[in-house]
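One-letter residues, chain by chain:
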Amino acid sequence: MSSYHRKYIVAGNWKMNKNAVEAKQFIEELVVELGTQSDVGVVVCPPFTALESVARALEGSHYCAVGAQNMHPEPSGAYTGEVSAEMLRHLFVSYVILGHSERRAYFGETDDFIRQKVLVALENNLKPILCVGETLEQRDAGHMFDVVGHQLREGMRGVDASQLESFVLAYEPVWAIGTGRTATPEQAQEMHAFLRKQLAGQFSEDVAQKVRILYGGSAKPDNVEQLFRQEDVDGGLVGGASLEVRSFMKIIEVAHQLTEQEFATV
Ligand code: 13P
C-alpha cells in the first residue's frame, strides 16, 4: 500500500451461491469473528434473494457492509427480472458490483450500459465496484492495457470527480477468475498503477489517490499477502474464497495485519 493511506477493502462476491438461510448463518458467524475490527472495510455481496436476510443479520453491526452484484439503470418499469438502485437502497445496500466480466461475457453487457448504471448508482448513493479486466487472448496479444483502459474510460465517462471519494475499482483478469490461476503480484501492481495513472489523467491526481483498486481472480488466504503488499493494491474482490467464513476471515486478517504494520512504520 502507498504512503497515501487508503483503507483496505475486502469484498466477497458470492455470485449465484447461498440461499437466504445459508446467507444468514454465514453472516451470524462472520459477525462474531469480525468482532469490532474496523480498520478493514468488509463487504459481502450475496444474490438479490439473500440481500434482505443479510441486511437483517447485520443490523446493528458497523463492521460489514452489504453489496449487490448488479442493478438496472432505470428507476422502475417493464424490465422483467431486473432490480433498481432504489430497491437496493431500500434494503440498506451500500455497494453494487457493476460490469463484472461474467455480466459482460454471459449477458452481453456493454461499456455504455455499464456507464449508465455507474451514473445511476452514484445518483442513488450506492458505491459502485466497477470491474475491469482482460481475457487471456487479449493479454497474450499484448492488448491488456488498451482493453482495460477503454473499459475504465468508458465506464466512468461523465462521472463527476466529487463523486469519486467512495468509488471502488476492481481489476479482475478474466483468465484468473475461478481458474485457480492468480495474477502475479507484479502483474497486478503493473495494471493497478496503470489504472491509477489513467484516473489521474481522467480526473485528478488527488482523486486517483483516493479511489480504492481491488484485485480479483482466485484471491485466496495463501496468495493475498503478496498482492496486498503492492503499492496500488487496496484489497480484494474475492469469489470462491469468500463462500466460507474461515477463508474469508483469513483474507480480512491479512489486510488487518498489513494495516497494523503500516501504521507501526509511520
Ligand atoms: P474467484 O475468486 O472465484 O476467482 O472469483 C473472482 C471474482 O470474480 C470476484 O468478483
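Heads up: the structure comes first, above all this text.
Just so it is clear, the model here is predicted, and its values are computed rather than measured. All residue numbers here refer to positions counted from 1 along the written sequence of the relevant chain. Reporting in this predicted model follows two pLDDT cut-offs: at least 70 for local features of residues, and 80 or more for side-chain atom pairs to be given and counted; totals over whole chains, interfaces and linings ignore these cut-offs and use all residues. Side-chain numbers come from the whole structure's heavy atoms, not from hydrogens or water.

Visitor: Please give an account of the overall build of the chain that cites residues and values.
Guide: Secondary structure counts use DSSP, requiring at least four H or I residues in a row for a helix and at least two E residues in a row for a strand, with both numbered from the N terminus. Across its full length, the chain holds 11 helices and 8 strands. Put simply, the radius of gyration uses C-alpha atoms, and a globule should come to 2.2 Å times the residue count raised to 0.38. The C-alpha radius of gyration of the chain comes to 17 Å, within 12% of the 18 Å expected for a compact globule of 266 residues. When the backbone C-alpha atoms are referred to their principal axes, the chain occupies close to 50 × 45 × 35 Å. Here the term buried applies to any residue with accessible area under 20% of the maximum for its type, exposed to any over 50%, and partly exposed to those in between, with areas from a 1.4 Å probe on protein chains only. When the 266 residues of the chain are sorted by exposure, 54% land in the buried category.

Visitor: Provide a residue-level description of the site of the ligand, including the pertinent values.
Guide: Taken together, the residues surrounding the ligand are Asn13, Lys15, His100, Glu172, Ala176, Ile177, Gly178, Gly217, Ser218, Leu237, Gly239 and Gly240. For this analysis, a polar contact is any N or O atom pair within 3.5 Å, provided that within protein one partner can donate a hydrogen and the other can accept it, and provided that sequence-adjacent residues contribute only side-chain to side-chain pairs. Note that an oxygen atom of the ligand is positioned 2.8 Å from one of the side-chain N or O atoms of His100. The protein chains shown are the only cover counted for residues, whose accessible areas, like all others here, come from Shrake-Rupley with a 1.4 Å probe. Isolated, the ligand exposes 310 Å² of accessible area, and the fraction of that covered by the protein chains is 94%. Gly is put with the polar residues, along with every residue not named as nonpolar or charged; the nonpolar set is Ala, Val, Leu, Ile, Met, Phe, Trp, Tyr, Cys and Pro, and the charged set is Asp, Glu, Lys and Arg. For the shell around the ligand, the class distribution of residues is 3 nonpolar, 7 polar and 2 charged. Neighbouring residues are identified by heavy atoms, a residue being near a molecule or strand if any of them is within 4 Å of it.

Visitor: Would you mind going over the packing of aromatic side chains in detail, with residue names and values included?
Guide: Any two of the Phe, Tyr and Trp rings considered here, Trp counted by its six-membered ring, make a pair once their centres fall within 6.5 Å; the pair's planes then place it as stacked at under 30 degrees, edge-to-face at over 60, or tilted in between. Overall, the coordinates contain 6 aromatic pairs when judged by the stated rule. A ring is considered to have a charge above it if a Lys NZ or an Arg CZ atom is located within 6 Å of its centre and within 35 degrees of its normal. Cation over ring: Arg103 sits above Phe107, and NZ or CZ is 4.0 Å from the ring centre.

Visitor: I'd like a rundown of the pattern of salt bridges, residues and numbers included.
Guide: The salt bridge definition used is simple: a Lys or Arg side-chain nitrogen within 4 Å of an Asp or Glu carboxyl oxygen. Evaluated as defined, the whole model comprises 17 salt bridges. A salt bridge links Glu102 to Lys15; its shortest N-O distance comes to 2.8 Å. One end of the pair, Glu102, is in helix α4 (residues 101–107); the other, Lys15, is in the loop between β1 (9–13) and α1 (20–34), with 87 residues separating them in the sequence. Of the residues examined, Glu102 reaches a relative accessible area of 22% and is grouped as partly exposed. Accessibility expressed as a relative area gives 23% for Lys15, which makes it partly exposed. Among the charged side chains, a network of salt bridges with common partners joins Arg6, Arg196, Asp232 and Asp234.

Visitor: Describe the side chain of Ser94, naming the residues involved and giving the relevant values.
Guide: Relative to the helices and strands, Ser94 is located in the loop between α3 (85–90) and β4 (95–98). Residue class for Ser94 comes out buried when judged on its relative accessible area of 18%. Here a residue-residue contact requires only that any non-hydrogen atoms of the pair lie within 4.5 Å. When near neighbours in sequence (up to four residues on either side) are disregarded, Ser94 contacts Ala65, Val66, Arg89, Asn125, Leu126 and Lys127.

Visitor: Would you mind going over the pairing of β1 in detail, with residue names and values included?
Guide: Among the 5 residues that make up β1, 5 are buried, leaving the element largely enclosed by the rest of the structure. Along β1, one buried face is formed by Ile9, Ala11 and Asn13 and the opposite face, lined by Val10 and Gly12, is buried too. In this analysis, strands are considered paired if DSSP registers two or more bridges between them. As defined by bridge partners, β1 adjoins strand β2 (residues 41–45) across 5 bridges and the pair is classed as parallel. When the bridges of β2 are listed, Ala11 appears paired with Val43. A crossover counts as right-handed when, viewed with the strands pointing away from the observer, the path leading from the first strand over the helix to the second turns clockwise. In terms of handedness, the path from β1 via α1 over to β2 forms a crossover that is right-handed. Where β1 lies against strand β8 (residues 235–238), 4 bridges are found, and the strand directions are parallel. Along β8, the bridge assignment pairs Ala11 with Leu237.

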